[in-house]
Amino acid sequence: MAAGPMKMRANLGAGFTDVRVLMNHPMETGLRKDADGNLVPMHFIQSLTVKVNGRAVLDAQISQAVSRNPVFSFRLKGGTKGDKIEVGWLDNQGESNRIEADVA
Amino acid sequence: MRLLALAAALALSSGARADDSAKEIQRYRQMVAEGSPAELFELEGETLWKKPGGPKNVSLERCDLGEGPGVLKAAYAHLPRYFKDAERVMDLETRLVYCMTTLQGRSRADATARVFGTADRPSELELLSAYIAGQSRGVAIEPGMAHPKEKTSYELGRALFFHRVGPWDFSCASCHGEEGKRIRMQELPALHEAKYARPVIASWPAYRVSTSQFITLQWRMNDCYRQMRTPEPNFGSETTVALIHFLTATAQGETYHGPGNKR
């Protein structure tokens, strides 16, 4: 389930770039019990990094409070068509995933 | 006097609050729609569609969903319809099970062993439905209505919609037969009327936010019957397909824009 597909859109506006990223992740809080009554271990995305043309522009720390299959959207100043946006995440179990897209 | 004024103010504010909450729900739905995890299910469904499987180790890519073998564009919007090879009317999920048995050589028991998934592990049919339905975006909903068996199926679905059954003597129409009804904050569309069926059918199957699951129309029929306390209908039975046929035909002409989102 973890490291499932990601999807990203990056659209250029007037002087800014809107980015929206969809991530497939269980985001388990560690408080939920499964059908057999056993605690489901914590499993959540810890950090999220955004790079524009290879330069880190955002490094976010997130926690269990974020829902399953999270959506992140943010606005970057400036940007031109063809800029490479890369978004990657790392979870508390060491799994990671990344996606790259061009600004359109 | 002051008390009275306070009571009046309270009454006013609670009216305004109902308005606000309707607006807030609208805003929430829009936000969910803009970044719908349904797209992730579409991606996984595409992978699954192209993945070889079953005893014959072939993918489903040659499956004929009504528009020709392997043609996905507009296929979902034109279902349910009559299939000559199977000699019956089929909806998407029933047809997929048919392809799994004929193309991949799997047994029906194997193909239907796990039709409804969980948030942790979606079922094959849910993932495939997401992908295939997505290929009909922008296409007008036109289920088969020409073949005599299609007409029979539609009529059966219509009859079933109003047919009261089970220990609670419920029919679909008990909840979905009148305008303006709701369960908690959830509006109940009167699904035998085009006005209400159109937006609903145009967005199924869908991602359900509260359970993080992708849900299909077969699931919806199954779960409505569970809520009506009837015995569980067989997956892809004539009954469930007929109901889906009736609902889809009622929404005829609407542009498909799913897979959508449910609360």
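On a predicted model such as this, the values are computed, not experimentally measured, just so you know.

Engineer: Got a minute to help me understand the packing of helix 6 (residues 148-162) of chain B against helix 10 (residues 238-250) of chain B in this structure?
Structural biologist: How two helices sit against one another is set out by the angle between their axes and by the gap between those axes. Residues and elements named next belong to chain B. Running from amino to carboxyl end, helix 6 crosses helix 10 at an angle of 90°, the nearest separation of the two axes being 7 Å. Judged by the inter-axis angle, helix 6 sits roughly perpendicular to helix 10. Note on element contacts: helix 10 touches helix 6 through Glu 238, Thr 239, Val 241, Ala 242, Leu 243, His 245, Phe 246, Leu 247 and Ala 249, opposite Glu 150, Ser 153, Tyr 154, Leu 156, Gly 157, Arg 158, Leu 160 and Phe 161.

Engineer: Before we go on, may I ask you to explain the pairing of strand 3 (residues 45-52) of chain A in this structure?
Structural biologist: Strand residues, when the strand is regular, have side chains that alternate between the two faces of the sheet. Residue and element names in this part refer to chain A. One ladder, built from 7 bridges, connects strand 3 with strand 6 (residues 84-91); its direction is antiparallel. Following the sheet pairing, Thr 49 is matched in strand 6 by Gly 88. Two strands pair when backbone bridges link them, and strand 3 and strand 4 (residues 55-61) are joined in this way by 6 bridges, in the antiparallel orientation. From the neighbouring strand, Ser 47 faces strand 4, where its bridge partner is Gln 61. Where strand 3 hands over to strand 4, the hairpin turn is made up of 2 residues, of which Asn 53 adopts a positive phi near 50°.

Engineer: Explanation requested: the interface of chain B and chain A in the structure shown.
Structural biologist: It is common to give the size of an interface as the accessible area lost on bringing the parts into contact. In this complex, chain B contributes 13 residues to the contact, which on the side of chain A involves 14 residues. Between chain B and chain A, roughly 1200 Å² of surface is buried when both sides are summed, and carbon and sulfur atoms account for 53% of that area. The largest share of the area that chain B buries against chain A comes from Glu 39, Leu 40 and Asp 120 of chain B, three residues that together contribute 44% of it. At the surface where chain B touches chain A, the tally comes to 4 salt bridges. Its salt-bridge partner being Arg 68 of chain A, residue Asp 120 of chain B comes within 3.2 Å of it at the nearest N-O pair. Where chain B touches chain A, the interface holds 7 residue pairs in polar contact (both at pLDDT 80 or more).

Rules of the game
Residues numbered from 1 in each chain as written. Chains lettered and ligands numbered in written order. Predicted model: local features only at pLDDT ≥ 70, side-chain atom pairs only at ≥ 80, totals over all residues. Heavy atoms only, no water. Axes fitted to C-alpha atoms, helices over the stretch in contact; angles between N-to-C directions. Helix = DSSP H or I, 4+ residues; strand = E, 2+ residues; numbered from the N terminus. Parallel < 35°, antiparallel > 145°, perpendicular 65-115°, else oblique. Contact = heavy atoms within 4.5 Å. Pairing = 2+ DSSP bridges. Buried area = accessible area lost by both parts, 1.4 Å probe. Salt bridge = Lys/Arg side-chain N within 4 Å of Asp/Glu carboxyl O. Polar contact = N/O pair within 3.5 Å; in protein donor to acceptor, adjacent residues only side chain to side chain.

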